[in-house]
Amino acid sequence: MSKYPSEPLKCWNKAKELRNKFYKNFSDAKDKGGIRWMGSAWAFDAVPAGLGEDVWCITGEPYGATCAFNRPVSAKFLEAAENFGFARDLCSYMRNYWGSILTNQYALGGEFPRADFAWSQHICCSHAKWYQNACELEGGNVPLFAVDVGAGACPPFEPEMYEHRVRYVADQLLDGIEWMQKVTGREYNDELFFEAAWNDIRSTNKWANICLLNMAVPAPLDEKSIYSFYVFGTLQKSNPEFADLYDELYDEVKDRVDRGIAAVANEQARVMTDTQPPWGFLKIYRYLESWGAVSIGSLYTFGLEGMWLYDEEKNDLRPRPIPAKRPETREEACMMLADWHLSKPEYQHFYHPDYKTKMMDAIAKNWKCDGIILHYNRGCEGLSMGIAENRLGLLERGNKVMTYEGNMGDEHEFDEQATINRIDIFMESMGLKRPAG
Amino acid sequence: MVGFFCTYSPEEIFYAFDILPVRILGSHEIQDVTEPHLFAMFCPFCRDVLAQGLKGKYDYLDGITIGQSCLHLRQAYTSWDIHKNPGWSHYLVMPNHVQSPRAVPFLVAEYELLIKSLEELTGKQITDSDLRKGIELMNRVRRVMKDIYEFRKQDNPPITGLEAMYMCCSQFFTDAREWLPVAEEAKKELETRKLDRDPGLRLMLVGSENDDIEFIQMVETLGERESVGATVVIEEHCTTTRYFWDEVDESFDDPLLAIADRYVSRTPCPSKDWPQRSRLQRILKFAKDFNVDGAIVIQQKFCDPHELDIPFIRKSLEDNGIPTYFLEFDVTTAVGPFSIRVEAFLETLEAEDDLF
């Protein structure tokens, strides 16, 4: 018998349509005389927006996840990348992406749409190199600009947000604007940039506020659904339609909390996860639900794009407030974006695993989790960095932790049955009863 | 004494403080202590390095530091910091976008934070003159190594690849002021030294961190056991040329700026080699200058930065007429299986065009 009322999300179909439109815009860009760029999900996508309203992008990570979701297509892409000479242990999103170029097949149908330029950021060893190689695979004449955001941790993990660190990132953005004008031959429109920068801030703040609502018991969102919505931040966080969607989603989730609507009607226990899931096997989340466990999210889904501030004294995470006013000059917009994104929670573990452990523990405690499931993800060295120390740190802080090994984008490295067995044992250890049948 | 994990740590600054910088390397022994700390998908070198800390083999250090480089080695550093912090640690945010004009001023500001932290460790303050002494010392080290490498260009090099690797690694664990006179003496000796061995084919090693003495020894003694032999005449590794090839420009007015300029413009680790793949030019120049017959592209298992470059490095070498052979390494596995593979590669280099 259901413990709580549950109902589907009303904006689900709209989200689906927007996502499809995004990928179609990229493939059809040339029909409209537009510009295409490729880059990381963490790229400052507000910057190319200044080139005009007919500029479309593809971001490699969500595209790689889309490939991985379709296992036969993914297998073909991975094989093509390996045949080219790329090692099998490299980022599986990246290998799916390169395989897509090498086979000239767009995972959403048709030929792979070639980009006019690559605009990325770099914090993990692979980011800029991903597009360096993609540019070569696309013929060697696609120009690349990547912004180094490996500029140090933010407070409270550092005594202050050092001005030279923000300046370093902002100056690269300013250089990037000059570069973009040169490689596209277009004049830059600062007003479009300011608008996009503000949408970026709006959407990443609103996403954090949506995730904050998931503190409620019962949780209004389960993580499998969260995956379908967090993706907009990774596709193009400065997209006005996506920022508007997050406003709409916030209102809906708030309403669910007010009315006590659960994502999982049988919610008896709450878990959180970490890193990207094995995209071809999302059914493990439904399996958790059959035990009465809801995955309320993770630092990954909350803080990959959502912007938060960590309060060390209170051991709490709260959405980072939006700046007092919109940027009015190019330099101001670049400084604002640099400062905003350097405090991204998912950037902090690149400097020390303790920073991530603290934030994860804050989620575990404040979102009332009974257990933590860590995905030792062979597909992503960046987000798996320090994960073993996170496990030790979370255990030390009194959390129950389970791990499983897998790969977000390469089905060869995921053992479904072994994972299910581990989940069974973990669920039992949390006092849950094995589902009937 | 401060241990450093990667060659992006500015030894000049440590010497300016009269601190002995010690590079932390692995022991090449099978280790069993890192599993709870490092997920198995990270490279064996970083695990081996961490094992040294966890086993207390560097307990004499007063501090540890890392110049931001690959994610793998950073984890060895951070786990060491969590479990074996000797009382001082500093994460130097070395920029990744070294081809950007913004990198040098950023790094100068990061060096200022490092200096502040070292002042707290030592209770000392340094001057420009101290920094210049550090620069001069490290430049002398680099110069003598380069001079010694010049001998390797000879048809019958008076120094083997094994000896050259010993020379490079010895510097990591020795006070440069004590190491220099010995290296100078060795350099002098090389002027007249003749080795009683057939150098065989001339090989270049390219790739990840490598201090695998056993491997080089195996390659260079193949000729004693088999029909083909070889000498390693040049390497492009962060234990050797990527570490020492580039000097600090001593003509700068500001010594800190000069140091930053050097670390930003040195031959990069592939994790920092973008948007242009600048390493390629250095590799091809080495191949030409040292007249190599072939290149062995060595990769530490799971070393993403090198894995990202390898298909392109191999293609470029092959396009320039340099046969290549790829080997995936694990610092803790035995060298035996590699012997057959290297021998087979050498045979292909010696093969005539005709099959019969």
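Up top is the structure.
First, a word on what this report is: a plain description of the structure on this page. Since this is a predicted model, take the numbers as computed values, not measurements.

So, how was this worked out
Residues numbered from 1 in each chain as written. Chains lettered and ligands numbered in written order. Predicted model: local features only at pLDDT ≥ 70, side-chain atom pairs only at ≥ 80, totals over all residues. Pairing = 2+ DSSP bridges. Helix = DSSP H or I, 4+ residues; strand = E, 2+ residues; numbered from the N terminus. Axes fitted to C-alpha atoms, helices over the stretch in contact; angles between N-to-C directions. Contact = placed C-beta atoms within 7 Å. Buried ≥ 20, exposed ≤ 12 C-beta atoms within 10 Å, placed from the backbone. Parallel < 35°, antiparallel > 145°, perpendicular 65-115°, else oblique. Core = buried A, V, L, I, M, F, W, Y, C linked by C-beta atoms within 7 Å. Domains from an automatic or database assignment.

**Quick word on the sheet that holds strand β9 (residues 371-377) of chain A**
Residues and elements named next belong to chain A. Spatially, four strands are ordered β6-β5-β9-β10 in an open sheet, and the strand pairing comes out parallel. Single-partner strands in this sheet number two, and they are β6 (293-298) and β10 (401-406). Along the sheet, successive strands turn relative to each other by an average axial angle of 30°, direction set aside. Here strand β5 (residues 269-274) runs beside β6; their pairing, made up of four bridges, is parallel. Within β6, the residue paired with Val-271 across the bridge is Ser-295.

**Observations concerning the interface of chain B and chain A**
In this assembly, 34 residues from chain B lie in contact with 42 residues from chain A. Those elements that place two or more of their residues in the side of chain B that touches chain A are α3 (71-84), α4 (103-122) and α12 (304-319) of chain B. Looking at the side of chain B that touches chain A, the element that brings in the most residues is α12(B), giving eight residues.

**So, the pairing of strand β7 (residues 308-311) of chain A**
The side chains of a regular strand alternate between both faces of the sheet. Residue and element names in this part refer to chain A. Here β7 shows a clear split, with Trp-308 and Tyr-310 buried on one side and none of Leu-309 and Asp-311 buried on the other. Of the pairings in the sheet, the one linking β7 to strand β8 (residues 316-319) comprises four bridges and is antiparallel in character. Paired with Asp-311 across the bridge in β8 is Asp-316. Between β7 and β8, which follow one another and run antiparallel, lie four residues, and Asn-315 among them has a positive phi close to 50°.

**Considerations on the sheet that holds strand β1 (residues 35-39) of chain A**
Residues and elements named next belong to chain A. Here we have four strands laid out as an open sheet, ordered β2-β1-β3-β4, and parallel in their pairing. What marks the edges here is a single partner per strand, and that holds for β2 (55-59) and β4 (144-148). Going across the sheet, the axis of each strand differs from the next one's by a mean of 25°, ignoring polarity. One ladder, built from five bridges, connects β1 with β2; its direction is parallel. Paired with Arg-36 across the strands is Trp-56, a residue of β2.

**Things to note about the packing of helix α3 (residues 71-84) of chain A against helix α4 (residues 92-102) of chain A**
All names here are of chain A. Relative orientation of the contacting elements α3 and α4 amounts to 85°, with a least axis distance of 7 Å. In terms of orientation, α3 and α4 fall into the roughly perpendicular class. Contact residues: Ser-74, Lys-76, Phe-77, Leu-78, Ala-80, Ala-81 and Phe-84 in α3; Arg-95, Asn-96, Trp-98, Gly-99, Ser-100 and Leu-102 in α4.

**As for the nonpolar core**
Counting residues in each nonpolar core, the largest one holds 249 residues, and the members touching the most others are A:Ala118 and B:Met204. Sorting elements by how many residues they give to this core places helix α7 (residues 190-213) of chain A first, with 10 residues. Domain assignment of the residues forming this core places at least three in each of domain 1 (2-122) and domain 2 (134-244 + 271-350) of chain B. What A:Ala118 contacts, discounting residues up to four positions off in sequence, is A:Trp37, A:Met38, A:Gly39, A:Tyr131, A:Ala134, A:Cys135, A:Val142 and A:Leu144.

Don't take any of this as a statement about function, it's just geometry.
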